[in-house]
Amino acid sequence: MTKPTVFVPHTIPDKALHRLHATCEVIYRDLRSEPTQTELADGLRGAKGMVCYGKISVRESLLEAAPQLEVVSNIAVGFDNFDLAAMQAHWVSGTNTPGVLTETTADLAFALLMAAARRIPEADAYVKSGQWQKWVPDLMVGSDVYGKTIGIVGMGRIGEAVARRALGFGMTIVYHNRRRQPNAELALGAVYRASLEELLGESDFVVLLTPLTKHTFHLIGEDELCRMKRNAWIINVARGAVLDESALMKALDGGWIAGAGLDVYEEEPLPANHPLLSRPNVVMLPHIGSATVATRENMALTAVDNIIAYFSGRRPPNLVNPDVWERRFGQSAERMKE
Ligand code: GLV
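These remarks concern the structure in this document. (Residues numbered from 1 in each chain as written. Predicted model: local features only at pLDDT ≥ 70, side-chain atom pairs only at ≥ 80, totals over all residues. Heavy atoms only, no water.)

Residues in close proximity to the ligand include Ala-76, Val-77, Gly-78, Leu-101, Arg-239, His-287 and Met-299, which together make up its full environment. Here an oxygen atom of the ligand and a backbone polar atom of Gly-78 are 2.8 Å apart. Protein chains shield 84% of the accessible area of the ligand, which is 190 Å² for the free molecule. Each residue belonging to the shell around the ligand can be placed in one class, and the counts come to 4 nonpolar, 2 polar and 1 charged. (Near = heavy atom within 4 Å. Polar contact = N/O pair within 3.5 Å; in protein donor to acceptor, adjacent residues only side chain to side chain. Areas by Shrake-Rupley, 256 points an atom, 1.4 Å probe, with all protein chains shown as cover. Nonpolar A, V, L, I, M, F, W, Y, C, P; charged D, E, K, R; others polar.)

As structure tokens, then:
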């Protein structure tokens, strides 16, 4: 039986690549740079599957250029790079990697919150640049975390994992979500706020963890930042465009909030001279929420397993648009393989 061809447009961990090789013909572009449109079109020629991450946007133009493409497997939990309507129209299945990165991303969210509140990067730079002369009471003073109120916007798996960490810090946990999460309320004592405004007004730390959709684009803008406490911090570990960056600049200029911790940006990588770069009260990371050796490997393995399942006639475990798979294969394909 001929193996299906799968295009991998950028470097992935070896273990995942080897697993993919066992069942698929792999076109591998072992590079860390973003593929150009031409490289993408070349690699996709004849490919039935793609395993990708980063900025590759699966939209009409890409799908038109790759009519034989059947499945795209994201090495990420977020899939805002998928145009689901276009994928539906072209019968292309999409998969993601939920679960394996939950705890790692929650660790990072909390680290970022702590780093911003306690000015860790600033203090580190201060020591290393030889400026430390003397202990003085107001040196690098920051904000307390213990016992404060954390407002989690987007109470999914990662939101709950952040809430568990917050519990250890004696924090009051409030959350806002599309749907109420009774389990989080019971297990963590998290208090639901139907109104985002209410959460913003009472939180000392607002942590954004919601997926980027048309409903959450610029969810936090000027009005929302204005409602926050003047000594509160905003932490974004979701997607850059959930937070309106120009509104954030206004909020920082106006002293509406204490500052921000950001792992994600409206444009990535951040353009040189971006105004946020010069802000001491903004801690900035290069989109590393899930970046540990083990988790990145597990994400790649999960993505590869999704593709392998697809081509062996099994339902991929992490379909983001199951309708497309059902329409193409239905229940009968599943039964035939069992
Ligand atoms: C990373 O941002 C992810 O969505 O997994």
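Restricting attention to buried positions, one finds in helix 2 (residues 37-44) the residues Leu-40, Gly-43 and Leu-44. Projection of helix 2 onto a plane perpendicular to its axis shows the buried side chains occupying an angular sector of 95 degrees, all on one side. Looking at the buried residues of helix 2, the elements they touch are strand 1 (5-8), strand 2 (25-28), strand 3 (49-52) and helix 3 (60-65). (Buried < 20%, exposed > 50% of the residue type's maximum accessible area, 1.4 Å probe, protein only. Helix = DSSP H or I, 4+ residues; strand = E, 2+ residues; numbered from the N terminus. Arc of directions from axis to C-beta. Contact = heavy atoms within 4.5 Å.)

Now for the pairing of strand 4 (residues 71-74). Burial along strand 4 is two-sided: Val-71 and Ser-73 and Val-72 and Asn-74, pointing in opposite directions, are all buried. Sheet analysis places strand 3 next to strand 4, joined by 4 bridges and oriented parallel. The residue bridging Cys-52 from the neighbouring strand is Asn-74, located in strand 4. As a crossover connection, the stretch from strand 3 through helix 3 into strand 4 is right-handed. Tracing the backbone out of strand 4, into helix 4 (residues 84-89) and back to the parallel element strand 5 (residues 93-95) gives a crossover that is right-handed. (Pairing = 2+ DSSP bridges. Right-handed = clockwise from strand over helix to strand, strands pointing away.)

Under the counting rule described, the total for this entry stands at 18 salt bridges. The closest approach of N and O atoms between Arg-19 and Asp-305, which form a salt bridge, is 2.9 Å. Highlighted residues: Arg-19 in helix 1 (residues 14-23) and Asp-305 in helix 12 (residues 293-311), separated in sequence by 286 residues. Across the salt bridge formed by Glu-122 and Arg-119, the nearest N and O atoms sit 2.8 Å from each other. The exposure class of Glu-122 is partly exposed, given its relative accessible area of 27%. Overall, the relative accessible area of 24% leaves Arg-119 in the partly exposed class. Through salt bridges that share partners, Glu-103, Asp-107, Arg-164 and Arg-165 make up one connected network. (Salt bridge = Lys/Arg side-chain N within 4 Å of Asp/Glu carboxyl O.)

Next up on the list: helix 11 (residues 245-254). Along helix 11, the positions that sit buried rather than exposed are Glu-245, Ala-247, Leu-248, Met-249, Ala-251 and Leu-252. Its buried side turned inward, helix 11 meets helix 10 (222-227), strand 10 (233-236), strand 11 (259-262) and strand 12 (282-284). Downstream of helix 11 by a residue or two, Gly-255 has a phi angle that is positive, lying close to 70 degrees.

One can describe the packing of helix 5 (residues 102-117) onto helix 7 (residues 157-168) by two numbers: an axis separation of 8 Å at closest approach and a directional angle of 55 degrees. Taken together, helix 5 and helix 7 sit at an angle that is classed as oblique. Judged by the twist between their axes, the crossing of helix 5 over helix 7 is right-handed. Only Arg-157, Ile-158, Ala-161, Val-162, Arg-164, Arg-165 and Ala-166 of helix 7 make contact with helix 5, whose side of the interface consists of Thr-102, Glu-103, Thr-105, Ala-106, Asp-107, Ala-109 and Phe-110. (Axes fitted to C-alpha atoms, helices over the stretch in contact; angles between N-to-C directions. Parallel < 35°, antiparallel > 145°, perpendicular 65-115°, else oblique. Left-handed = near helix turned anticlockwise from the far one by under 90°.)

What follows deals with the packing of aromatic side chains. What the rule picks out here adds up to 6 aromatic pairs. Taking 6.2 Å as the distance between ring centres and 40 degrees as the angle between the ring planes, the aromatic pair formed by Phe-79 and Phe-82 counts as tilted. According to the relative accessible area criterion, Phe-79 is partly exposed, its value standing at 29%. A relative accessible area of 6% places Phe-82 in the buried class. For the ring pair Tyr-310 and Phe-329, a centre distance of 5.4 Å and an interplane angle of 75 degrees mean the geometry is edge-to-face. One end of the pair, Tyr-310, is in helix 12; the other, Phe-329, is in helix 13 (residues 322-337), and 19 residues separate them in sequence. Judged by relative accessible area, Phe-329 falls into the partly exposed class, the value being 25%. Every member of this aromatic cluster is reached through a ring pair, and the members are Tyr-310, Phe-311, Trp-325 and Phe-329. (Phe/Tyr/Trp six-rings, centres within 6.5 Å; stacked < 30°, edge-to-face > 60°.)

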